[in-house]
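# Residue-level structure breakdown
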Amino acid sequence: WGYNNAEPSSRWHGNKVAGSEPVVKESPQEVNLPVNIAGSWSFNGSREQIGRVHIWQNGDDCVVIAAWPDDTTGQWKSYKGEGRLEGRSLVFKVFPSAQDGSSQDQGYVYHYQISPDNSQIRFYYTRHGQRTVNQDVYYKRVK
């Protein structure tokens, strides 16, 4: 129709009729379910992942056991922690589990952030107050 020019080359001479409301695409609303993280988790939810996390949940109270084989010895490492959910966050100190039942504070604290639909846990950990990994790690439920 030529309306990009300073002077339009063609004009519409019809009558204006009442139009409908403008079409607005709504973005999908974020689902925010009650936190439910009980169960087994691993990187991308794969059963093939050697490192695993198992979470027991009773309301806002959680117990977490993380286990993986040590790269140098091949023996399994296991850490246990207990924490309380604060919204969709769970921050807790973990202690190594030994065969003799002893445990020693090694300064590790895990920082979990649970997705609104409970499908993913984003986390990192600190040791003696210093972040030990540059990127967050993502866990999904083991299927």
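Attention in this report is confined to the structure presented alongside it.

Thresholds, definitions, all that
Residues numbered from 1 in each chain as written. Predicted model: local features only at pLDDT ≥ 70, side-chain atom pairs only at ≥ 80, totals over all residues. Heavy atoms only, no water. Helix = DSSP H or I, 4+ residues; strand = E, 2+ residues; numbered from the N terminus. Buried < 20%, exposed > 50% of the residue type's maximum accessible area, 1.4 Å probe, protein only. Contact = heavy atoms within 4.5 Å. Salt bridge = Lys/Arg side-chain N within 4 Å of Asp/Glu carboxyl O. Core = buried A, V, L, I, M, F, W, Y, C linked by side-chain atoms within 4.5 Å. Polar contact = N/O pair within 3.5 Å; in protein donor to acceptor, adjacent residues only side chain to side chain.

A tally of helices and strands in the protein chain yields zero helices and nine strands. When the helices and strands of the protein chain are read in sequence order from the N terminus, they spell out β-β-β-β-β-β-β-β-β. Sorting the 143 residues of the protein chain into buried and exposed places 25% on the buried side. Sequence-distant contacts in the protein chain: of pairs separated by 6 or more residues, those separated by 24 or more amount to 32%.

On inspection of all chains with the given rule, the structure shows six salt bridges. Between Lys-93 and Asp-105 there is a salt bridge, with the nearest N and O atoms lying 3.0 Å from each other. Note that Lys-93 is positioned in strand E5 (residues 89-96) and Asp-105 in the loop between E5 and strand E6 (108-114), a separation of 12 residues in sequence. Judged by its relative accessible area of 33%, Lys-93 falls in the partly exposed class. Overall, Asp-105 belongs to the partly exposed group, its relative accessible area being 41%. The partner of Arg-122 in a salt bridge is Asp-136, and the shortest N-O contact between them spans 3.0 Å.

With that out of the way, let us pick up the nonpolar core. Counting residues in each nonpolar core, the largest one holds 20 residues, and the members touching the most others are Ile-37, Val-53, Ile-55, Leu-90, Tyr-112 and Ile-121. Going through the elements one at a time, strand E2 (52-58), strand E3 (61-69), E5, E6 and strand E7 (120-127) are the ones with two or more residues in this core. Broken down by element, the residue count for this core peaks at four residues, all from E6. Setting aside its immediate chain neighbours within four residues, Tyr-112 contacts Val-53, Ile-55, Val-64, Arg-88, Ser-89, Leu-90, Phe-92, Ile-121, Arg-122 and Phe-123.

With that settled, consider the environment of His-54. Within the secondary structure, His-54 is located in strand E2. Once you skip the residues sitting within four places of it in the chain, His-54 turns out to touch Gly-39, Ser-40, Val-63, Val-64 and Ile-65. In this structure the side chain of His-54 is engaged in a polar contact, spanning 3.5 Å, whose partner is the backbone oxygen of Gly-39. In terms of polar contacts, His-54 uses its side chain to reach the side chain of Ser-40, at 2.8 Å.

Bringing the environment of His-128 into the picture now. Inspection of the secondary structure puts His-128 in the loop between E7 and strand E8 (130-131). Judged by relative accessible area, His-128 falls into the exposed class, the value being 59%. In this structure His-128 touches Gln-106 and Gly-107, once residues within four positions along its chain are discounted. Only 3.5 Å separates the side chain of His-128 from the backbone oxygen of Gln-106, close enough to count as a polar contact.

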